[in-house]
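Structural description and commentary
Here is how the chains run, residue by residue.
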Amino acid sequence: MTSSLPRVRLIATGGSIAGVGPHRLDYILYPELGKHITIEESLARVPEVNEIAQVQAENLISVGSTAVGPPEWLAMANRINQIFREDTEAAGVAMTHGTATLEETAYFLHLTVKSDKPMVITGAMRPPTALSTDADINLLDAVRIAASSHAGGMGVLTVLNNEISSARDVVKTSTFRVQTFKPGDLGFLGYADSEGEVLFYRAPTRKHTTRSEFDVSGRDSLPRVDIVYAYAGADGMLIDAVRRNGSDGLVVAGFGGGTFPPVFIEAAAQAARDGIPVVLASRSTTGRVIMTPQKQDAGFIVSDNLLPQKARILLMLGLSVTRDREELQRMFREY
Ligand code: ASP
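Let me sum up the structure you'll find in this document. (Residues numbered from 1 in each chain as written. Predicted model: local features only at pLDDT ≥ 70, side-chain atom pairs only at ≥ 80, totals over all residues. Heavy atoms only, no water.)

On to the overall build of the protein chain. Regarding its fold elements, the protein chain presents 10 helices and 14 strands. By the compact-globule yardstick of 20 Å for 335 residues, the protein chain fits well, its C-alpha radius of gyration being 20 Å. Principal-axis analysis of the C-alpha atoms places the extent of the protein chain at approximately 65 × 40 × 35 Å. Counting every position in the protein chain, which comprises 335 residues, the buried fraction comes to 53%. Long-range pairs, those at least 24 residues apart, make up 72% of the contacts in the protein chain with a sequence separation of at least 6. A distance of 3 Å separates the average location of the 33 positive side-chain charges in the protein chain from that of its 38 negative side-chain charges. (Helix = DSSP H or I, 4+ residues; strand = E, 2+ residues; numbered from the N terminus. Rg over C-alpha atoms; globule rule 2.2 N^0.38 Å. Buried < 20%, exposed > 50% of the residue type's maximum accessible area, 1.4 Å probe, protein only. Contact = heavy atoms within 4.5 Å. Lys, Arg positive; Asp, Glu negative; His and termini not counted. Charge placed at Lys NZ, Arg CZ, Asp CG, Glu CD.)

Listed below in structure tokens is the structure:
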């Protein structure tokens, strides 16, 4: 008998949502144990998903997301694109992931997955072995969103704590609280609540997924971009190290609207003169960095309101296409 429920493809990658703690009160020590349950074990805890979708699950990798970086991003993008290409009946894709780098993986996939179907990432702040774990509800919500026709065309979404955000905007704001993933000034896109509805109140306007120019199929590496964080009295030592390392690009996280200690910014300007694309971002958690005549003359690119770790991803993808500063700046206006 074939089910009339939508088919959701579910990809597991590890993280706290699959973590195993030493006892029920633990939500701190388990990452050091490094043990994970399989996605089949996670699903068995939430039989309610079977009333929402036919879930076809796979374990892609099983790591804490501190161990996720460009090679894993490329593997994830390739696998998700393959699923969307080959399984044309799939309603959407959901993925489980550690929360440490969830926002970075989500933004990378937002720019490289080539489908308008729902694609959603979730994680958990308390492992399934902990009292009051959020692993089960977050998994259920991710399946619900991947199965929802309302979630298409939104780019990559994240859901934790019933709150749906755009991958572009979301950031982990708190070390241990379950309401940690927030999209700053720009607000949640919607909610997945207990009555079963997936509700959206707004949609992202910047380019993503099928409107993105970035194609990582066939790539086995990405340009190297480093981030240097500014602080009172910072000098050029770390920027010089990045420049000498031969990195392909640099993001600097400055104060407020994009200001820096004098010696630090002179080192960054020297890197730009040497031909290294340098993006000015802010260590403030919300708001824009805007181009000024001085920044323009120094050859900098500005991040707009992308956080440094997201600006790095856009610069990595931009550098896979061009090294032209105006073109790279255009990307920061469009994505
Ligand atoms: N160590 C975990 C990770 O994989 C933390 C988490 O998932 O919350 O990122």
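Now that the structure has been shown, the text picks up again.
Here we take up the sheet that holds strand E2 (residues 54–63). One open sheet holds the eight strands; their spatial order is E2-E1-E3-E4-E5-E6-E9-E10, and the pairing between them is mixed. Unpaired on one side and paired on the other, E2 and strand E10 (198–200) mark the two borders of the sheet. Here the strands of the sheet are splayed against their neighbours by 25 degrees on average, with no regard to which way each runs. Direction of pairing for strand E1 (residues 7–14) relative to E2: parallel, over a ladder of seven bridges. Pairing of Leu-10 across the sheet is with Ala-57, part of E2. This element, helix H3 (residues 70–86), spans E1, E2, strand E3 (92–96) and strand E4 (119–122) of the sheet and lies at about 165 degrees to E2. (Pairing = 2+ DSSP bridges. Axes fitted to C-alpha atoms, helices over the stretch in contact; angles between N-to-C directions.)

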